[in-house]
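# Chain and residue survey
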Amino acid sequence: MNVRLIRLVAIFLVFTALLSCQTDEEIKRQRYITEGILVFKNNCANCHQDKGQGVASLYPPIAGSDYLKNKNSVICLIRYGQQGKIVVNGKLYNRPMPAQPQLSDLEVAELITYMYNEWGGETKLTNVKAVTPILNDCKK
């Protein structure tokens, strides 16, 4: 999908959510997911692909990944990147993941909400208020 279509879908989702009987928390979760899709497409999909399947033995999958079990590690990984070996679903990968320092705490929260709702079996919001202290702890 192109960015314009994604934005139109996002506007539709937000508008639909506002007209429905959803809770404020559910509306916020949907907004985070919609924004998270854009963050993912612009910063992650090149290596991890649109559907999170990764690329052969080069880049690990996110979809169905056992690495998603530790959300704090994933949050730190997004902001600060990683060098060296990583094992995902029993398979060794050894490509660097670049840090994403340009992403705001809110964008990281939106990305995490999208990823975990899409591929991590969650149906909840990961609020920026929960992400910021984790990102601050990563630096230590």
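Data block above holds the structure.
Residues numbered from 1 in each chain as written. Predicted model: local features only at pLDDT ≥ 70, side-chain atom pairs only at ≥ 80, totals over all residues. Heavy atoms only, no water.

This part covers the state of the cysteines. Taken as a whole and assessed by the stated rule, the structure comprises one disulfide. Here C76 is linked by a disulfide to C138, with a sulfur-sulfur distance of 1.7 Å. Here the S-S torsion is close to -80 degrees, and the disulfide linking C76 with C138 is therefore left-handed. Here C76, found in helix α4 (residues 71–80), pairs with C138, found in helix α6 (residues 128–138); they are 62 residues apart in sequence, far enough to count as distant. (Disulfide = S-S within 2.5 Å. Helix = DSSP H or I, 4+ residues; strand = E, 2+ residues; numbered from the N terminus.)

Turning to the packing of α4 against α6, a few remarks are in order. Direction vectors running N to C along α4 and α6 enclose 70 degrees, while the axes themselves pass 9 Å from each other. By the criterion of interaxial angle, the relationship of α4 to α6 is roughly perpendicular. Crossing hand, α4 versus α6: right-handed. Residues N72, I75, C76, R79 and Y80 of α4 form the contact with α6, whose own contacting residues are V131, I134, L135 and C138. Counted by class, the contact of α4 with α6 contains seven nonpolar, one polar and one charged residues. (Axes fitted to C-alpha atoms, helices over the stretch in contact; angles between N-to-C directions. Parallel < 35°, antiparallel > 145°, perpendicular 65-115°, else oblique. Left-handed = near helix turned anticlockwise from the far one by under 90°. Contact = heavy atoms within 4.5 Å. Nonpolar A, V, L, I, M, F, W, Y, C, P; charged D, E, K, R; others polar.)

Turning our attention to the environment of V131. By the secondary structure assignment, V131 is in helix α6. For the pair V131 and A109, spaced 22 residues apart in sequence, the C-alpha to C-alpha distance is 6.0 Å. Apart from residues no more than four positions distant in its own chain, V131 is found in contact with I75, D105, V108, A109 and T126.

Moving on: the side chain of T34. Examined against the element boundaries, T34 turns out to sit in helix α2 (residues 24–43). The class for T34 is buried, based on a relative accessible area of 5%. Sequence-distant contacts of T34, defined by excluding residues within four places in its chain, comprise A10 and L13. (Buried < 20%, exposed > 50% of the residue type's maximum accessible area, 1.4 Å probe, protein only.)

The next thing to look at is the packing of aromatic side chains. Per the stated rule, a full pass over the model turns up three aromatic pairs. Look at Y114 and W119: their rings are 5.3 Å apart centre to centre, the planes differ by 70 degrees, and that puts the pair in the edge-to-face class. Judged by relative accessible area, W119 falls into the buried class, the value being 14%. Grouping aromatic residues by their ring pairs yields a cluster made of F40, Y114 and W119. Here the guanidinium or amino end of K71 rests over the ring plane of Y116, the centre of that ring lying 4.8 Å away. (Phe/Tyr/Trp six-rings, centres within 6.5 Å; stacked < 30°, edge-to-face > 60°. Lys NZ or Arg CZ within 6 Å of the ring centre and 35° of its normal.)

In this section: the environment of G52. By the element assignment, G52 lies in the loop between α3 (45–48) and α4. Residue G52 is classed as buried on the basis of its relative accessible area of 0%. A sequence separation of 63 residues divides G52 from M115, and the C-alpha atoms of the two residues are 8.7 Å apart. Leave out the neighbours within four places in its chain, and G52 touches F40, P61, I62, A63 and W119.

Looking now at the nonpolar core. Core analysis: the largest hydrophobic core is formed by 24 residues, its most contacted members being F40, I78, V108, L111 and M115. When residues of this core are traced back to their parent elements, those giving at least two are α2, α4, α5 (105–118) and α6. Top contributing element to this core by residue count: α5, with seven residues. Not counting the four nearest positions on each side in its chain, M115 is found in contact with F40, I62, L68, V74, I78 and G120. (Core = buried A, V, L, I, M, F, W, Y, C linked by side-chain atoms within 4.5 Å.)

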